[in-house]
Amino acid sequence: MQDAAGTEELALRAAAGDQAALDVLLQQVRPEVVRRCGRFLPCREDAEEAAQDVLLQVSRKITTFEGRSRFSTWLHTVVSNCARQKYRELKRRAAERPEEIDAAQHVDPRTTSVIAGSRIDLLEALDRLEREHPHLVAPLVYRDICQLEYAEVAERVGIPLGTLKSRLHEARKQVRPWLADAS
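Residue indices begin from 1 for each chain and proceed along its sequence in written order. Totals for whole chains, interfaces and linings use all residues, but because this is a predicted model, local features are given only for residues with pLDDT of at least 70 and pairs of side-chain atoms are given and counted only at 80 or more. Computation of side-chain values: all heavy atoms of the structure, hydrogens and water removed.

Q: Explain the overall build of the chain to me, please; I cannot follow it from the model alone.
A: Only DSSP runs of H or I with at least four residues qualify as helices, and only runs of E with at least two residues qualify as strands; both kinds are numbered from the N terminus onward. Within the chain, the regular secondary structure consists of nine helices and zero strands. Start at the N end of the chain and walk to the C end: the helices and strands fall as α-α-α-α-α-α-α-α-α. Counting over 183 residues, the chain shows a buried share of 40%. Any two residues having at least one pair of non-hydrogen atoms within 4.5 Å are treated as being in contact. When contacts within the chain are restricted to residue pairs at least 6 apart in sequence, those whose partners lie at least 24 apart make up 62%. For the chain, the exposed surface amounts to about 10200 Å²; the carbon and sulfur share of it is 51%. Throughout, exposure labels follow a simple rule: accessible area from a 1.4 Å probe, protein chains only, divided by the maximum for the residue type, with under 20% read as buried, over 50% as exposed, and the rest as partly exposed. Using a 1.4 Å probe, accessible areas were evaluated by the Shrake-Rupley method; residue-level cover was limited to the displayed protein chains.

Q: Quick question: what am I supposed to make of the pattern of salt bridges here?
A: It is possible for side chains of opposite charge to pair when their charged atoms get near one another. A carboxyl oxygen of Asp or Glu within 4 Å of a side-chain nitrogen of Lys or Arg is what we treat as a salt bridge. Evaluated as defined, the whole model comprises 17 salt bridges. Of the charged contacts in the structure, one is a salt bridge between lysine 86 and aspartate 53, with a shortest N-O distance of 4.0 Å. Of this pair, lysine 86 sits in helix 4 (residues 71-96) while aspartate 53 sits in helix 3 (residues 44-61), placing them 33 residues apart in sequence. Through salt bridges with shared partners, a single ionic network connects Glu49, Asp53, Lys86, Glu89 and Arg93.

Q: Just checking my understanding: could you explain the packing of aromatic side chains for this structure?
A: The geometry of an aromatic ring pair is captured by two quantities: the separation of the ring centres and the angle between the planes. Two rings from Phe, Tyr or Trp (for Trp, the six-membered ring) form a pair when their centres are within 6.5 Å of each other. A pair whose planes differ by under 30 degrees is stacked, one over 60 is edge-to-face, and the rest are tilted. Evaluation of the coordinates by the stated rule reveals three aromatic pairs. Taking 5.6 Å as the distance between ring centres and 85° as the angle between the ring planes, the aromatic pair formed by phenylalanine 65 and phenylalanine 71 counts as edge-to-face. Each member of the pair, phenylalanine 65 together with phenylalanine 71, is buried. Through a chain of ring-to-ring contacts, the aromatic side chains of Phe65, Phe71 and Trp74 assemble into a single cluster. Two conditions define a charge sitting above a ring: the NZ of Lys or the CZ of Arg must be within 6 Å of the ring centre, and it must be within 35 degrees of the ring normal. It is arginine 143 that lies over the ring of tyrosine 150; its NZ or CZ is 4.2 Å from the centre.

Q: How do you make sense of the packing of helix 2 (residues 19-40) against helix 4 when you look at a structure like this?
A: Geometrically, a packed helix pair is captured by the angle between its two axes and the distance between the axes. Running from N to C, helix 2 and helix 4 cross one another at 50°; their axes reach a closest spacing of 10 Å. The angle between helix 2 and helix 4 falls in the class oblique. Viewed along their axes, helix 2 and helix 4 form a crossing whose handedness is right-handed. In this structure, helix 2 contributes Leu25, Val29, Val33, Arg36, Cys37 and Phe40 to the contact, and helix 4 contributes Phe71, Ser72, Leu75, His76, Val79, Ser80, Ala83 and Arg84. When its residues are assigned to classes, the contact of helix 2 with helix 4 shows nine nonpolar, three polar and two charged. Whenever a helix is involved, its axis is fitted only over the stretch in contact; in every case the axis is a line through C-alpha atoms, and angles between N-to-C directions fall within 0 to 180 degrees. Roughly parallel here means an angle under 35 degrees, roughly antiparallel means over 145, roughly perpendicular means 65 to 115, and every remaining angle is called oblique. For any pair of crossing helices, the crossing counts as left-handed if the nearer helix is rotated counterclockwise from the farther one by less than a right angle, and right-handed if it is rotated clockwise. Side-chain classes are defined by residue name, with Ala, Val, Leu, Ile, Met, Phe, Trp, Tyr, Cys and Pro counting as nonpolar, Asp, Glu, Lys and Arg as charged, and the others, Gly among them, as polar.

Scope: geometric values only; no functional claims are made or implied.
Encoded structure:
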């Protein structure tokens, strides 16, 4: 990916309607988007599909980027939303067609890959956290998965730093036993 200042400039130009800047921006951020989607989704093909969704969303919604926060922060939001949506979609599809899955051929990633299994467990925990405590999801995703700085997360979520730290503590406390039960 190009240097951060260059990417920010491209994003601002794209947000202002510069199609050439948008094309270059999408091309430059694609590898990073695939990598970030891979943090959520254990299967490379699923991560690549989610990355395509991210790039499509960026191209459709770039005009909503106002430059008040960094483009990378805005992109983190799109990545986390698209990756989590892809996971929900995959889960829903699997639930709708359980009879089509041949148990002899179906392999649960939890039993074949610690990394893949832990990602699935994390997505399940995030899904549950969203149902039970929706206000805790964004701080946890931004800080622990996207690895944004505390101040950047607080700005992105629109809450004071102390409130952010409190919500992160509560989110981690909620998720920890769910992840322990899964292993």
